[in-house]
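A closer look at the structure
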Amino acid sequence: MPDIVVMFFLLGLIAGLVRSDLKVPKATYDTMSLLLMLTIGLKGGMALHGKLTWDLVPELLLVASLGAIVPLLLFPVLTKLVRLSLADGASIAAHYGSVSAGTFAVALAYVETNQLDVSAQVTLYLVLLELPAIIVGLLLYRRFQGGEKQSSMSELWHESFTNRGVILLLGGVIIGFMYGYQSGTEVTALFTGAFKFVLALFLLEMGLVAAATLQPIPFQHWRLLIFALLAPSLLACFGVATGYLLDLSVGTTVVLASLLASASYIAAPAAIKSSIADADIGLAMLASLGLTFPFNVIVGISFYHHIVEKLMG
């Protein structure tokens, strides 16, 4: 059976599709999102306690470079084959080069449930992949548009590094790294012990939101819909190849593949909306949250696990 947290996503998705009056209050969703980000950071920091060495630098640089490479590869596909405008092509390339913390949380729960070994640095993968694609997406737009003021770049860097997701992730990593598993358990145990509970409620809301983006299904964007369903499995191949190249464990490779298969629906929309005025954020949300996120949560992560087992098992 699927991990129980996935069932909460399906519950929200079905409730939304049948137009139930089920709603998660915005304050509750904001609290769940905050707790989820902070808990992911804490878990990653505690796992890194006493294990952070210079030997990790090449691995982390390679992972970070993928965040810049993916949008460069996707941009011509989106503008030539999917036939999006320059602004929307750059926007969606940035969304798919960046990553989903929600997908990461589900992948983390999946590998824990299946008792797969996961390297301590996987949370750093999330942090490192979050930002480069957003910057590259804006640079692509500037390169081909050619008319945006230079001051917006510093504003983008500031917004990218100070948005609440990055602050909570990095802050959680630092706190967890400082105290490890043994110290501060009176606080950290509350977060880590409630991880799946918080994730379940978060996914319930994500199911409702995903259903809302698909009603009615915008068939006029059929090329984008096909892209959103095919892209995750293709992008996951970069994660599988990287895991094989670096000789990572099966669990670590599954998480990395799941990250690369995901698309941002929190950090990227906020940054792109303020930087590329012509971009239709609704299209990006349709693709990333309406199709790619459900695909990864329902079938994608287990599929990537199957591929990794075949290749590395």
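These numbers were taken from a predicted model, which means no experiment stands behind them. (Residues numbered from 1 in each chain as written. Predicted model: local features only at pLDDT ≥ 70, side-chain atom pairs only at ≥ 80, totals over all residues. Heavy atoms only, no water.)

Here we come to the side chain of lysine 43. Position of lysine 43 relative to the elements: it lies in helix α2 (residues 26–48). Of the polar contacts made by the side chain of lysine 43, one reaches the side chain of glutamate 112; its length is 3.0 Å. (Helix = DSSP H or I, 4+ residues; strand = E, 2+ residues; numbered from the N terminus. Polar contact = N/O pair within 3.5 Å; in protein donor to acceptor, adjacent residues only side chain to side chain.)

Turning our eyes to something else, we now look at empty space enclosed by the protein. Where empty space is left becomes clear once a probe the size of a water molecule has been rolled over the atoms. Per the counting criterion, the structure on display carries three cavities of 30 Å³ or more. If you go around the largest cavity, you meet 12 residues; those closest to its centre are Met37, Ala101, Glu130, Ile266 and Ala267. Split by residue class, the lining of the largest cavity holds seven nonpolar, four polar and one charged. (1 Å grid on protein atoms, 1.4 Å probe; cavity = no way out; pocket = protein on both sides within 12 Å on 5 of 7 lines; lining within 4 Å. Points joined across faces, edges and corners; volume = space filled by probe spheres on them. Nonpolar A, V, L, I, M, F, W, Y, C, P; charged D, E, K, R; others polar.)

This paragraph deals with unusual backbone geometry. Most peptide bonds take the trans form, and the phi angle of most residues other than glycine is negative. Between glutamine 215 and proline 216 the backbone carries a cis peptide bond, its omega angle lying at -10 degrees. Mapping proline 216 onto the fold places it in the loop between α11 (195–213) and α12 (222–246). Non-glycine residue arginine 83 carries a positive phi angle of around 65 degrees. Positionally, arginine 83 belongs in the loop between α3 (57–81) and α4 (86–97).

So, on to the packing of α4 against helix α15 (residues 281–312). When two helices pack together, their arrangement is given by the angle between the helix axes and by the axis-to-axis distance. Running from N to C, α4 and α15 point in directions that differ by 35 degrees, and their axes come no closer than 9 Å. Considering how the two elements wind past one another, α4 and α15 form a crossing that is right-handed. Residues Asp88, Ser91, Ile92, His95 and Tyr96 of α4 touch α15, and the partners they reach there are Ile281, Leu283, Ala284, Ala287, Ser288 and Thr292. Across the contact of α4 with α15, the residue classes tally to six nonpolar, four polar and one charged. (Axes fitted to C-alpha atoms, helices over the stretch in contact; angles between N-to-C directions. Left-handed = near helix turned anticlockwise from the far one by under 90°. Contact = heavy atoms within 4.5 Å.)

What follows deals with the packing of α2 against helix α10 (residues 185–193). Viewed as axis vectors pointing N to C, α2 and α10 meet at an angle of 115 degrees, and their least axial separation amounts to 9 Å. Like other packed secondary-structure pairs, α2 and α10 cross with a definite hand, here left-handed. Here α2 contributes Leu35, Leu38, Thr39, Leu42, Lys43 and Met46 to the contact with α10, which in turn contributes Thr188, Phe191 and Thr192. Along the lines of polarity and charge, the residues of the contact of α2 with α10 split into five nonpolar, three polar and one charged.

Following the sequence through the fold, histidine 305 ends up in helix α15. Histidine 305 sits in the buried class, given a relative accessible area of 11%. If we skip the residues at most four places from it in the chain, histidine 305 touches Tyr110, Leu116, Val250 and Val254. (Buried < 20%, exposed > 50% of the residue type's maximum accessible area, 1.4 Å probe, protein only.)

Attention now goes to the pattern of salt bridges. One pass over the structure, following the stated rule, counts two salt bridges. Here aspartate 30 ties to lysine 26 by a salt bridge, and the two come within 2.8 Å at their closest N and O atoms. In this pair, aspartate 30 and lysine 26 both sit in helix α2, four residues apart, roughly one turn of the helix. Judged by its relative accessible area of 21%, aspartate 30 falls in the partly exposed class. Using a relative accessible area of 63% as the deciding quantity, one classes lysine 26 as exposed. Here glutamate 112 ties to lysine 43 by a salt bridge, and the two come within 3.0 Å at their closest N and O atoms. One end of the pair, glutamate 112, is in helix α5 (residues 101–113); the other, lysine 43, is in helix α2, with 69 residues separating them in the sequence. According to the relative accessible area criterion, glutamate 112 is partly exposed, its value standing at 37%. The exposure class of lysine 43 is buried, given its relative accessible area of 17%. (Salt bridge = Lys/Arg side-chain N within 4 Å of Asp/Glu carboxyl O.)

This next bit is on the packing of aromatic side chains. Under the criterion given, the structure shown has six aromatic pairs. An aromatic cluster of at least three residues, connected via ring pairs, comprises Phe9, Tyr265 and Phe293. Across from the ring centre of phenylalanine 195, 5.0 Å away, lies the NZ or CZ of lysine 43, which sits over that ring. The cationic tip of arginine 143 hangs over the ring face of phenylalanine 144; the distance from NZ or CZ to the ring centre is 5.4 Å. (Phe/Tyr/Trp six-rings, centres within 6.5 Å; stacked < 30°, edge-to-face > 60°. Lys NZ or Arg CZ within 6 Å of the ring centre and 35° of its normal.)

As a further point, take the environment of valine 136. Note that valine 136 resides in helix α7 (residues 132–145). Judged by its relative accessible area of 14%, valine 136 falls in the buried class. It is 8.7 Å that separates the C-alpha atoms of valine 136 and glycine 67, two residues lying 69 residues apart in sequence. Non-local contacts of valine 136, meaning those with residues more than four positions away in its chain, are made with Ala68, Pro71 and Leu72.

Time to look at the environment of tyrosine 244. Mapped onto the elements of the fold, tyrosine 244 is located in helix α12. Overall, the relative accessible area of 52% leaves tyrosine 244 in the exposed class. For the pair tyrosine 244 and leucine 311, spaced 67 residues apart in the sequence, the C-alpha separation amounts to 8.2 Å. Apart from the residues within four sequence positions on either side, tyrosine 244 is in contact with Leu311 and Met312.

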